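Spelled out from the first residue to the last, the chains are:
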Number of protein chains: 2
Amino acid sequence: MLTEEELERVCVVLVRARNPSNIGAAARAMHDFGFRRMRVVNEFPVPFEAARSAVDASAVLADAVVCASVAEAVAECTLVVGTTAVGERELRHELLPLAEAAPRLRAEVRRGGAGRVALLFGSEKTGLSNEELSHCNWLLTVPMHQREGARHLSMNLGQAVAVCLYELVREQGTAPAQPHTAAEGPATAEQLERVTALLGEVLEGSGYARRHAANSEPAQARRLVRRIGMDAVDAPVWMGILRHVLRRLGGARGDQNGRGGS
Amino acid sequence: MLTEEELERVCVVLVRARNPSNIGAAARAMHDFGFRRMRVVNEFPVPFEAARSAVDASAVLADAVVCASVAEAVAECTLVVGTTAVGERELRHELLPLAEAAPRLRAEVRRGGAGRVALLFGSEKTGLSNEELSHCNWLLTVPMHQREGARHLSMNLGQAVAVCLYELVREQGTAPAQPHTAAEGPATAEQLERVTALLGEVLEGSGYARRHAANSEPAQARRLVRRIGMDAVDAPVWMGILRHVLRRLGGARGDQNGRGGS
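Computed from a predicted structure; not experimentally measured. All residue numbers here refer to positions counted from 1 along the written sequence of the relevant chain. Chain A is the first chain written and ligand 1 is the first ligand written, with later ones labelled in order. Where local features are concerned, this predicted model is filtered to residues with pLDDT of at least 70; where side-chain atom pairs are given and counted, the filter is 80 or more; whole-chain, interface and lining totals use all residues. Neither water nor hydrogens contribute to the side-chain values; these are computed over all heavy atoms in the structure.

### Some points on the sheet that holds strand β5 (residues 95–97) of chain A
All names here are of chain A. Note: two strands are recorded as paired if DSSP finds a minimum of 2 bridges between them. Each helix corresponds to a stretch of at least 4 residues labelled H or I by DSSP, and each strand to a stretch of at least 2 residues labelled E; elements are numbered beginning at the N terminus. Taken in spatial order, the seven strands of this open sheet run β3-β2-β1-β6-β4-β7-β5, and their pairing is parallel. One side of each edge strand has no neighbouring strand; the edge strands of this open sheet are β3 (65–67) and β5. Within this sheet the neighbouring strands show an average axis-to-axis angle of 30°, counted without direction. With three bridges connecting them, strand β2 (residues 37–41) and β3 associate as parallel partners. By the bridge assignment for β3, V40 is matched with V66. Two residues form a contact once any of their heavy atoms are found within 4.5 Å. Note on geometry: axes are lines fitted to C-alpha atoms, helical ones only across the stretch in contact, with angles between N-to-C directions running from 0 to 180 degrees. Of the strands in this sheet, β1 (10–15), β4 (79–83), β5, β6 (117–121) and β7 (138–141) touch helix α6 (residues 98–109), which is tilted by about 105° from β5. Helix α8 (residues 157–170) contacts β1, β4, β6 and β7 of the sheet and is inclined by roughly 155° relative to β6.

### Some details on the interface of chain A and chain B
Listed by partner, the interface residues are 66 residues for chain A and 67 residues for chain B. Buried surface area refers to the total accessible area, computed with a probe of radius 1.4 Å, that the two partners give up upon joining, counted for both partners together. Of the roughly 5700 Å² buried between chain A and chain B, counting both surfaces, carbon and sulfur atoms make up 58%. Mapped onto the side of chain A that touches chain B, the elements with two or more residues apiece are α1 (4–8), α2 (20–33), α6, α8, α9 (189–205), α10 (208–211), α12 (218–227) and α13 (235–250) of chain A.

### Digging into unusual backbone geometry
At R16 of chain A, a position not held by glycine, the phi torsion is positive, near 55°. Structurally, the position occupied by R16 of chain A is in the loop between β1 and α2.

### What to know about helix α12 (residues 218–227) of chain B
Only protein chains enter the area calculation, which uses a 1.4 Å probe; residues under 20% of their type maximum are buried, those over 50% are exposed, and those in between are partly exposed. Counting buried positions along α12 of chain B gives nine out of ten residues, so the element sits mostly inside the fold. Of all the positions in α12 of chain B, only A219, Q220, A221, R222, R223, L224, V225, R226 and R227 of chain B are classed as buried. Looking at the buried positions of α12 of chain B, the neighbouring elements they touch are α13 of chain A together with α7 (130–133), α9 (189–205) and α11 (213–216) of chain B.

### A look at the packing of helix α2 (residues 20–33) of chain B against helix α8 (residues 157–170) of chain B
Residue and element names in this part refer to chain B. Here α2 crosses α8 at 15°, and the two axes come no closer than 8 Å. Here α2 lies roughly parallel to α8, going by the angle between them. Along this stretch, α2 crosses α8, giving a crossing that reads as right-handed. On α8, the residues that touch N22, A25, A26, A29, M30 and F33 of α2 are L157, G158, V161, A162, L165, Y166 and V169. Here is the rule for angles: anything less than 35 degrees is roughly parallel, anything more than 145 is roughly antiparallel, 65 through 115 is roughly perpendicular, and the remaining ranges are oblique. Here is the rule for handedness: rotate from the far helix to the near one, and if that takes an anticlockwise turn smaller than a right angle the crossing is left-handed, while a clockwise turn gives right-handed.

### Description of the packing of aromatic side chains
Any aromatic ring pair is given by two values, namely how distant the centres are and how the planes are angled relative to each other. Between rings of Phe, Tyr and Trp, where Trp is taken as its six-membered ring, a pair exists when centres lie within 6.5 Å; planes separated by under 30 degrees are stacked, by over 60 edge-to-face, and by other angles tilted. Summed over all chains, the structure comprises two aromatic pairs over all chains. The rule is short: NZ of Lys or CZ of Arg within 6 Å of the ring centre and within 35 degrees of the ring normal puts a charge over the ring. Here R104 of chain A stacks its cationic end above the ring of W138 of chain A, 4.9 Å away from the centre of that ring.

### Concerning the environment of R247 of chain A
Residues and elements named next belong to chain A. Of note, R247 is situated in helix α13. Judged by relative accessible area, R247 falls into the partly exposed class, the value being 35%. Separated by 42 residues in sequence, R247 and G205 have C-alpha atoms that sit 9.9 Å apart.

### What about the pairing of β1 of chain A?
Residue and element names in this part refer to chain A. The element β1 is largely enclosed, with a buried count of six among its six residues. Taking every second residue as pointing to the same face, both faces of β1 are buried, with V10, V12 and L14 on one and C11, V13 and V15 on the other. Bridging between β1 and β6 involves five bridges; their strand directions are parallel. For V12, the partnering residue across the bridge sits in β6 and is L119. Both β1 and β2 contribute to a ladder of five bridges, which runs parallel. Bridge pairing links V15 to V41 in β2. For the segment spanning β1, α2 and β2, crossover handedness is right-handed. The path from the first strand over the helix to the second decides the hand: if it runs clockwise while the strands point away from the viewer, the crossover is right-handed.

In C-alpha cells, the structure reads:
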C-alpha cells in the first residue's frame, strides 16, 4: 500500500478524453484506490458537469486541473509514464507490462519528497499520439488476450485506469482483509471424532448401515468426516443436528455421545 | 496466463445488474482478458440490445446465458466465489483479498477437466444478498482505500470485473500446485444444492428447525454445507445417508430430491 503522502504524488493525466462519462469513471477509480490528483488535457472545454454524475468521483473531479498541453500537465513530475495498447503504433520507448511497471512507479513516489509520477492515458479512440508519447520516460501496457485475426485491443478508459491503479496499490503482503480469525479455524480431531460417533449412530438407526455396510464401517465413516473440512465453530451445529435426528430415529441414544464410533 | 481451455472454465455471473451499459462493460472486460462465459441472473428481461453497443463485447454477449437463479447459473461449477465490498454486510464466509484469491481460482481451473469456477458480481446498488452469498464457497474483495468518515466503498461493476479478471491472468510465472486430482475434485454446486435441500428436510423432520430456527433457514443451511469442503465422490454417499434418515423420520419425502432449498 502507498501512504497518503505517496498517493498524493501520483498524477493521473487524461489526454483528449472524449466522453465525459469516461472522465467520471476514471475519477471514480482514482477515488476507490485513494488517488486524488487528476489532470485533464483537452483542446476544448472539459464537460466536467456531465462527469460529475459519476458516483464517488466528486472530490477528485472538484480538484481536477485542466491543462492546455501534456507538457503543462506533467511539468512537476519526475517520472512520466504513458499507457498504450501493444501494437498501437511504432514504439520508440521501453515498454513494460503493468506488473513490472508498478514497482518502478512505487519506487519513484517513495524516493523522498521530490518524486512525482504522472500516468498518461490517451483518448479512447486513438490512444496517445507520438507527440504525447514523447513526453514519457517509458511506457506501460496492460497485457490483454490476443486472438488470431482479431483487431488490435484497447481497454475501456475507466477500466484501464482502474486496473493500473489497482496494480499500483496491489503489492503483496499488505492485504487488509482477514482470511480467517482464530475462532474460525478447523475443527479439532476430538470434535471430529464426536461427529463421527454420532454419524455412526445415525447410520445404524436409519437403516443405512444395513444397506451400505462398506460405507458404514467406523473407519470408513471417520474418513468420510475427515474428508469434509469442518470448521470448529460449525462442529457443535452438526452435532446438534445429528443428536436431533437420533432422538427422532430411535429414542434415548440421541442424548448420549454415542457408541464411540471406534 | 491461462490457456484457452482454462479461460473457458471461468464463468462470470452478473446477479441483478441494473444497468445495460454495465453488462456491456463487464462483457468488454471479459473480452479484453480472454474470458467468454457470462451468465446473467435477472428477474426481468435482460436488456442485451442496449448492452451490445459496448465495444468489443459482442462475442461475449452473444454467448451470454440468462438464468432464473444463482443456483442454475453456478450448477456445473466446482468453486463458486462471490465478490463483495468489505463491511458491506455481516460476513459469514472466508474473505480473501483479490491477490490471494487468484491463485486459488487458477488452481481450480487447472485441475484437470473437471474444475469450473464461477465469479459472482452483485447489483451495482446493493451487492450480493445474503441468499446469493450463501451459494458461495468463499468471498473475495478488491482492497480499496478507506478514508475516515467516508461512506463504504463499492466499485463500478465494469471496473470490478476488469480488475478481478486482470488479476486472474496476471501471474508472474508462478504455477500453483494442484491440490486435487480430477477424480478427487470438489462437489459441484448442483450436488451441494441437492445435499442442502435434503439437509433442510432433515432439519424440519427431526425437529431441529423448530428449536434452532436461525440455523435452519435455507440460506444458513446452504452456508453450512458450502463451508464443508465436500468431495464429488462423497456427495452421493451423503445424499444416500440423508435419504435414509428422511425415510425413517417421516415417510415418503425421503425419496424425493427435497424442497429445493432455493
